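# Structural features, examined
Each chain, letter by letter, is given below.
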Amino acid sequence: MISNNTLSNSRFKIVSYEEASEEVKAIYDDTKRTLQIPFVLNWIKCQGANPLLLKGNWAKLKSTLMQGDIPNVLKQLIIYNVSKERNCEYCAQAHGIFADSMSAMISENENFRVTNDLESPLIPESYRTAIKIVTKAALNHDQITDQDFEQLRQAGFDDSEIQELMAQADLVNMLNTLADVAGIKIDNELMEAQA
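In this text, all values refer to a predicted model and were calculated from it rather than measured experimentally. (Residues numbered from 1 in each chain as written. Predicted model: local features only at pLDDT ≥ 70, side-chain atom pairs only at ≥ 80, totals over all residues. Heavy atoms only, no water.)

## Side note on the side chain of Gln47
For clarity, the cut-off: Helix and strand labels come from DSSP, where a helix needs a run of H or I of at least four residues and a strand needs a run of E of at least two; each type is numbered from the N terminus. Here, two residues are considered to be in contact whenever any of their heavy atoms come within 4.5 Å of each other.
Along the polypeptide, Gln47 turns up in the loop between α3 (42–45) and α4 (51–65). Leaving out residues up to four positions away in the same chain, Gln47 has contacts with Leu53, Leu54, Asn57 and Leu178.

Pasting the structure below:
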């Protein structure tokens, strides 16, 4: 059951699955399948009253975050770190939970939570380099230099992967802006999954 505190401050109508049009329900179903979760995120539901916007934003999120050659855990860590730096509470919490759920991909230590220390030597150096540079791109894109691109190449990323990494900077800016403007709160279902 969703408590009122999850939805009470949203500036956009939160469209539940039951209230959604058939077109929006189809997108909701695709988000659940793609993200492998049994519920629809508030970030998605706050766009449910505008099917055109939802369709475009979901297509961008799906292709940029869920597809490609860069491991999803690295993408989640980038979005988590930028969101934390920017104080976007919803995205920092949500993507932190998603990243932590993938901690075993980085370390077999059962107590390891990847978001506890992004400078941990357990996190591959290439990941740490990508997190640092893509965070810089998201927060201060005008300060990205050729040297940053060279550091990513030296960390083992090819040009296509670098472009995919930089797309995360663009994606997180969209995610953060929409979450903060909407005023959405973290999903109770995500909080329960974290517990």
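## Observations regarding empty space enclosed by the protein
The line we're drawing: Cavity: a set of points on a 1 Å grid over the protein atoms alone where a 1.4 Å probe fits but cannot get out. Pocket: an open set with protein on both sides within 12 Å along at least five of seven lines, its lining residues, like those of a cavity, having an atom within 4 Å of a point. Grid points are joined across faces, edges and corners, and a volume is the space filled by probe spheres set on the points.
Applying the stated rule across the entire model yields 1 cavity of 30 Å³ or more. The computed volume of the largest cavity comes to approximately 110 Å³. Along the walls of the largest cavity sit Leu35, Leu41, Trp43, Leu61, Leu65, Gln76, Tyr90, Cys91, Ala94, His95, Phe98 and Leu175, which together make up its complete lining. Those elements that place two or more of their residues in the lining of the largest cavity are α4 and α6 (89–100). With 5 residues, the single largest contributor to the lining of the largest cavity is α6.

## Quick notes on the pattern of salt bridges
Selection rule: What counts as a salt bridge is simple: a side-chain nitrogen of Lys or Arg found within 4 Å of a carboxyl oxygen of Asp or Glu. Exposure classes here rest on a 1.4 Å probe applied to the protein chains alone. A residue is buried below 20% of its type maximum, exposed above 50%, and partly exposed in between.
By the definition in use, this model includes 12 salt bridges. Of the charged contacts in the structure, one is a salt bridge between Asp30 and Lys62, with a shortest N-O distance of 2.9 Å. Taken as a pair, Asp30 in helix α2 (residues 22–35) and Lys62 in helix α4 lie far apart in primary sequence, 32 residues in all. A relative accessible area of 23% means that Lys62 is categorised as partly exposed. One salt-bridge network, in which partners are shared between bridges, spans Asp30, Arg33 and Lys62.

## Considerations on the packing of aromatic side chains
For clarity, the cut-off: Each pair of aromatic rings taken from Phe, Tyr and Trp, with Trp reduced to its six-membered ring, is defined by centres within 6.5 Å and is described as stacked if the planes are under 30 degrees apart, edge-to-face if over 60, and tilted in the remaining cases.
One pass over the full model with this rule turns up 1 aromatic pair. With 6.3 Å between their ring centres and 35° between their planes, Tyr17 and Tyr28 make a pair best called tilted. With a gap of 11 residues between them, Tyr17 in the loop between α1 (4–7) and α2 and Tyr28 in helix α2 connect regions that are remote in the sequence. Residue classification places Tyr28 among the buried residues on the basis of a relative accessible area of 0%.

## Overview of α2
Stated formally: The span expected for a helix works out to 1.5 Å for each residue beyond the first.
Taking 1.5 Å of rise per residue, the 14 residues of α2 would be expected to cover 20 Å, and the 20 Å separating its terminal C-alpha atoms lies within 8% of that figure. When α2 is considered as a whole, its buried residues turn out to be Val24, Lys25, Ile27, Tyr28, Asp30, Thr31, Thr34 and Leu35. Residue Gln36 follows α2 closely and has a positive phi angle near 55°.

## Quick word on the packing of α6 against helix α9 (residues 159–182)
Formally: Axis definition: a line fitted to C-alpha atoms, limited for helices to the stretch in contact. Angles are taken between N-to-C directions and run from 0 to 180 degrees. Reported orientations rely on four angle classes, namely roughly parallel under 35 degrees, roughly antiparallel over 145, roughly perpendicular from 65 to 115, and oblique for the rest. For this scheme, ten residues count as nonpolar: Ala, Val, Leu, Ile, Met, Phe, Trp, Tyr, Cys and Pro. Four count as charged, namely Asp, Glu, Lys and Arg, and the remainder, Gly too, count as polar.
Orientation of α6 relative to α9, taken along the N-to-C sense of each, is 125°, at an axis distance of 8 Å. Of the possible angle classes, the one that applies to α6 and α9 is oblique. For the pair formed by α6 and α9, the contact residues are Glu89, Tyr90, Cys91 and His95 on the first element and Leu175, Asn176, Ala179 and Asp180 on the second. Its residues assigned to classes, the contact of α6 with α9 shows 4 nonpolar, 2 polar and 2 charged.

## Some points on the nonpolar core
Our working rule: Throughout this description, the term nonpolar core refers to a set of buried Ala, Val, Leu, Ile, Met, Phe, Trp, Tyr and Cys residues connected via side-chain atoms within 4.5 Å.
Grouped together as the largest cluster of nonpolar side chains are 62 residues, with contacts concentrated most on Leu41, Trp43, Leu74, Tyr90 and Leu165. Secondary-structure elements contributing two or more residues to this core are α2, α3, α4, α5 (72–86), α6, α7 (125–139) and α9. For Leu165, the residues in contact, after removing those within four places along its chain, are Ile70, Leu74, Ile78, Ala130, Val134, Leu152 and Phe157.

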